[in-house]
Amino acid sequence: MSGVTIRNVWKEYAGQTVLERLNLHVASGEFVTIVGASGCGKTTFLRMLLGQESPTRGTILLDGQPLPAEPGPERGIVFQRYSVFPHLSALDNVTLALELPASPVLGRLFAREKRIARDKAAAMLRAVGLEHAFDRYPSELSGGMQQRLAIAQSLVSAPKVLLLDEPFGALDPGIRGDMQALIRQIWQQTGVTVFMITHDLPEAFALGSRVLVFDKPRIDPQAPQAYGATITYDIPLRGRPGQVPDALVQRLSSAPGAPNEEAS
Ligand SMILES: Nc1ncnc2c1ncn2[C@@H]1O[C@H](COP(=O)(O)OP(=O)(O)OP(=O)(O)O)[C@@H](O)[C@H]1O
């Protein structure tokens, strides 16, 4: 079955259940946004999809096959900050994303392959609007440009799955709007399956084709670490930007570390 399948996945760290009983199928090409209170395990979920963490129990399948245990070119990730290498130019950052999987030991390719990789990287930088910044270092780029670079780096290997951990959380509202438009355009053009964490509920409902809410259905005040979060709402939006349900705003704003309910 094409897409990502999650079967009875649990994640525990030394005495703490972070996630429990996750069951989900995400078809190839969906845009899943993920919201939930701070600390409820959203990043842990993404790290399991990336292969940086493995489930304590349960199975994750990609296109019907067990997910490779290590991160690989079929999955790209963008974090809120610091996804790119500060000592490399924009072009070298994106080229390296092609070189590493192709030559994991040397981390570099020989002349012809290198030229092809640089051409691909340049095309990717143009696609994200960084055609004038090939030779600039990340410290010479604005926050929005750095995130464009991180997106180019994560997409250049044409991943099946793009994982976004609050990629626009540190950006000003105007820039954030531009980046939302960019990611939507990339999703529509490439058909990549997207999982995106956001603390901004309107952003989740504007961008997602499906919104997942992570929450703890069980809480034991005597043993707060005993139970984990799970998917408590799974809301399909069928391509139409959705209104944020009032009940969801109320539920999440009463949880500690509640996501932002203001429009961005
Ligand atoms: N490597 C780890 N070892 C032990 N505990 C961890 C580890 N990684 C995460 N945790 C714990 O798992 C819980 C969930 O963390 P996670 O970062 O996934 O939450 P989150 O929902 O992404 O939070 P936020 O919205 O604030 O980014 C936290 O209590 C955290 O301390």
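Quantities reported herein were computed from a predicted structural model and do not represent experimental measurements.

Student: What is the right way to read the overall build of the protein from this model?
Tutor: Within the protein one finds seven helices and ten strands. Here the protein, with 264 residues, has 36% of them falling under the buried criterion. Of the contacts made within the protein by residues no fewer than 6 positions apart, 70% connect residues no fewer than 24 positions apart.

Student: In this structure, what is going on with the site of the ligand? I would like to understand it.
Tutor: Taken together, Y13, V18, G36, S38, G39, C40, G41, K42, T43 and T44 are the residues near the ligand. Counting residues per element, the shell around the ligand draws most heavily on helix 1 (residues 42-50), which supplies three residues. Considering only residue class, the shell around the ligand consists of three nonpolar, six polar and one charged.

Student: Would you mind showing me how to read the domain arrangement of the protein here?
Tutor: Note: interface size is frequently given as the accessible area lost on complex formation between the parts. When cut into domains, the protein gives domain 1 (1-74 + 159-264) and domain 2 (85-158). Take the side of domain 1 that touches domain 2: its biggest share by element is five residues, from helix 5 (residues 173-190). Here the residues of the side of domain 1 that touches domain 2 are counted per class, giving eleven nonpolar, one polar and one charged.

Student: Can you walk me through helix 1 in this structure?
Tutor: Counting along an α-helix, one turn takes 3.6 residues, and residues three or four places apart therefore face a common direction. Among all positions of helix 1, only K42, F45, L46, M48 and L49 are buried. In a view along the axis of helix 1, the buried residues occupy a sector of 155°, so they form one face of it. Residue G51 follows helix 1 closely and has a positive phi angle near 100°.

Student: Teacher, can you tell me more about the packing of helix 4 (residues 143-155) against helix 5 here?
Tutor: Angle between the axes and distance between the axes: these two values describe a pair of packed helices. One way to put it is that helix 4 packs onto helix 5 with a least axis distance of 10 Å and a crossing angle of 15°. As summarised for this structure, helix 4 and helix 5 are arranged roughly parallel, according to the angle between their axes. Helix-helix and strand crossings are classified by hand; for helix 4 and helix 5 the assignment is right-handed. Between helix 4, through G143, G144, Q147 and L155, and helix 5, the contact on the second element is made entirely by I175, D178, M179 and I186. Looking at the contact of helix 4 with helix 5 residue by residue, the classes come out as four nonpolar, three polar and one charged.

Student: Just to check I follow, could you spell out the sheet that holds strand 3 (residues 31-36) for this structure?
Tutor: In any sheet, the strands associate via hydrogen bonds between backbone groups, in a parallel or an antiparallel arrangement. Strand order in the open sheet made by the six strands is 6-7-8-3-9-10, with mixed pairing throughout. Bordering the open sheet on either side are strand 6 (75-78) and strand 10 (230-236), each of which pairs with just one other strand. Neighbouring strand axes in the sheet, compared pairwise and without regard to direction, differ in orientation by 20° on average. As judged from the six bridges shared by strand 9 (residues 210-215) and strand 10, these two strands associate in the antiparallel manner. Each bridged residue has a counterpart across the sheet, and for D215 the counterpart in strand 10 is T230. Against the sheet, helix 1 touches strand 3, strand 6, strand 7 (161-165), strand 8 (193-197) and strand 9, its axis set at about 155° to strand 7. Against the sheet, helix 4 engages strand 6 and strand 7, with an angle of about 170° to strand 6.

Student: For this particular structure, what's the right way to read the sheet that holds strand 1 (residues 3-13)?
Tutor: Taken in spatial order, the four strands line up as 2-1-4-5 in an open sheet, and their pairing is antiparallel. Taken across any chain shown, the strands that pair with only one partner, and hence form the sheet edges, are strand 2 (16-27) and strand 5 (65-66). Where strand 4 (residues 57-62) lies against strand 5, two bridges are found, and the strand directions are antiparallel. Bridging across to strand 5, L61 finds its partner in P66.

Student: Is there a simple way to explain the environment of R7 in this structure?
Tutor: One can find R7 in strand 1. Looking at R7, the number of C-beta atoms within 10 Å reads 14, which means it is partly exposed. Here the alpha-carbon distance between R7 and A223, two residues 216 residues apart in the chain, equals 26 Å. Excluding residues that lie within four positions of it along the chain, R7 makes contacts with N23, G58 and T59.

Student: Sorry if this is basic, but what is going on with the environment of P245 here?
Tutor: Summarising the element assignment, P245 is placed in the loop between strand 10 and helix 7 (246-253). Considering only alpha carbons, one finds P245 and L201, 44 residues apart in sequence, at a separation of 9.6 Å.

Student: Just checking my understanding: could you explain the confidence of the model for the protein for this structure?
Tutor: Parts of the model with low pLDDT should not have their predicted coordinates read in detail. Averaged over every residue, the pLDDT of the protein is 88; residues scoring 70 or more account for 90%. Of all secondary-structure elements in the protein, the lowest mean pLDDT belongs to helix 7, at 74, while strand 8 reaches the highest, 97.

Student: Whenever I open this one, the pairing of strand 2 confuses me. Can you help?
Tutor: Side chains on a regular strand alternate between the two faces of the sheet. Where strand 1 lies against strand 2, eight bridges are found, and the strand directions are antiparallel. Note that in strand 2 the partner of G3 across the bridge is A27. Hairpin connection between strand 1 and strand 2: a loop of two residues separates the two successive antiparallel strands, and G15 in this loop has a positive phi of roughly 80°.

Rules of the game
Residues numbered from 1 in each chain as written. Predicted model: local features only at pLDDT ≥ 70, side-chain atom pairs only at ≥ 80, totals over all residues. Helix = DSSP H or I, 4+ residues; strand = E, 2+ residues; numbered from the N terminus. Buried ≥ 20, exposed ≤ 12 C-beta atoms within 10 Å, placed from the backbone. Contact = placed C-beta atoms within 7 Å. Near = placed C-beta within 6 Å. Nonpolar A, V, L, I, M, F, W, Y, C, P; charged D, E, K, R; others polar. Domains from an automatic or database assignment. Arc of directions from axis to C-beta. Axes fitted to C-alpha atoms, helices over the stretch in contact; angles between N-to-C directions. Parallel < 35°, antiparallel > 145°, perpendicular 65-115°, else oblique. Left-handed = near helix turned anticlockwise from the far one by under 90°. Pairing = 2+ DSSP bridges. pLDDT = per-residue confidence, 0-100.

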